[in-house]
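One letter stands for each residue in the lines below.
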Amino acid sequence: QVQLVESGGGSVQPGGSLRLSCAASRRSIVSVNAMGWYRQAPGKERELVATITSSGSTNYADSAKGRFTISRDNAKNTVYLQMNSLKPEDTAVYYCKADVRYRNHDNSYVRWGQGTQVTVSS
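Just so you know, these numbers come straight off a predicted model, no measurement behind them.

(A) Structural view of unusual backbone geometry. Non-glycine residue Asn77 carries a positive phi angle of around 50°. Within the secondary structure, Asn77 sits in the loop between β7 (68-73) and β8 (78-83). According to the relative accessible area criterion, Asn77 is buried, its value standing at 16%. The backbone phi angle of Asn104 is positive, close to 70°, even though this residue is not glycine. Inspection of the secondary structure assignment puts Asn104 in the loop between β9 (92-102) and β10 (108-112).

(B) Highlighting the side chain of Thr78. Mapping Thr78 onto the fold places it in strand β8. In terms of polar contacts, Thr78 uses its side chain to reach the backbone carbonyl oxygen of Lys76, at 3.0 Å. Other than its neighbours up to four places away in sequence, Thr78 contacts Cys22, Ala23, Met35, Ser71, Arg72 and Asp73.

(C) A look at the state of the cysteines. This model, assessed by the stated rule, comprises 1 disulfide. Shown here is the disulfide that connects Cys22 with Cys96, its sulfur atoms set 2.2 Å apart. Between Cys22 and Cys96, the S-S dihedral sits near -80°, and the bridge is therefore left-handed. Here Cys22, found in strand β3 (residues 18-24), pairs with Cys96, found in strand β9; they are 74 residues apart in sequence, far enough to count as distant. Accessibility expressed as a relative area gives 0% for Cys96, which makes it buried.

(D) Quick look at the packing of aromatic side chains. All told, the structure shown has 2 aromatic pairs when counted by the stated rule. Centroid distance Tyr38 to Trp112: 5.2 Å. Interplanar angle 65°. Geometry classified as edge-to-face. Highlighted residues: Tyr38 in strand β4 (residues 29-40) and Trp112 in strand β10, separated in sequence by 74 residues. Centre to centre, the rings of Tyr102 and Tyr109 are 5.9 Å apart; their planes meet at 55°, and the pair counts as tilted. Looking at Arg46, its charged tip hangs above the ring of Tyr95, at a distance of 3.7 Å from the centre.

Conventions used here
Residues numbered from 1 in each chain as written. Predicted model: local features only at pLDDT ≥ 70, side-chain atom pairs only at ≥ 80, totals over all residues. Heavy atoms only, no water. Helix = DSSP H or I, 4+ residues; strand = E, 2+ residues; numbered from the N terminus. Buried < 20%, exposed > 50% of the residue type's maximum accessible area, 1.4 Å probe, protein only. Polar contact = N/O pair within 3.5 Å; in protein donor to acceptor, adjacent residues only side chain to side chain. Contact = heavy atoms within 4.5 Å. Disulfide = S-S within 2.5 Å. Phe/Tyr/Trp six-rings, centres within 6.5 Å; stacked < 30°, edge-to-face > 60°. Lys NZ or Arg CZ within 6 Å of the ring centre and 35° of its normal.

As structure tokens, then:
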């Protein structure tokens with residue numbers, strides 16, 4: 001069963017914007033700790049784009065600083081990635097990641113979204 005549901009991907013021209021969202025929607029999930037966005041282009045390794053803690057502290061890859069903004073809504077267990085000034089090199093499949101805690105479990109587990117395609121091209 002899918003743990004994280006992603007949406008918001010698509011095709012845009014260079015300089016355009018997209019907003020990705022990812023929701024941990026299962027009712028057995030009682031809390032979400034760190035969340036983040038990663039991306040993977042064909043033939044390349046998956047790389048970190050941005051992360052955000054439960055308290056709102058953020059971290060960005062150098063390639064994302066100044067252009068991307070990660071945020072979260074704890075009430076909805078949802079993380080967002082606002083992407084502005086997109087470049088062709090941003091083209092990749094974007095994956096949501098979250099450390100989730102389930103009912104009756106003390107420890108957390110890493111879960112991944114299904115991925116959403118982002119294509120930046122003229």
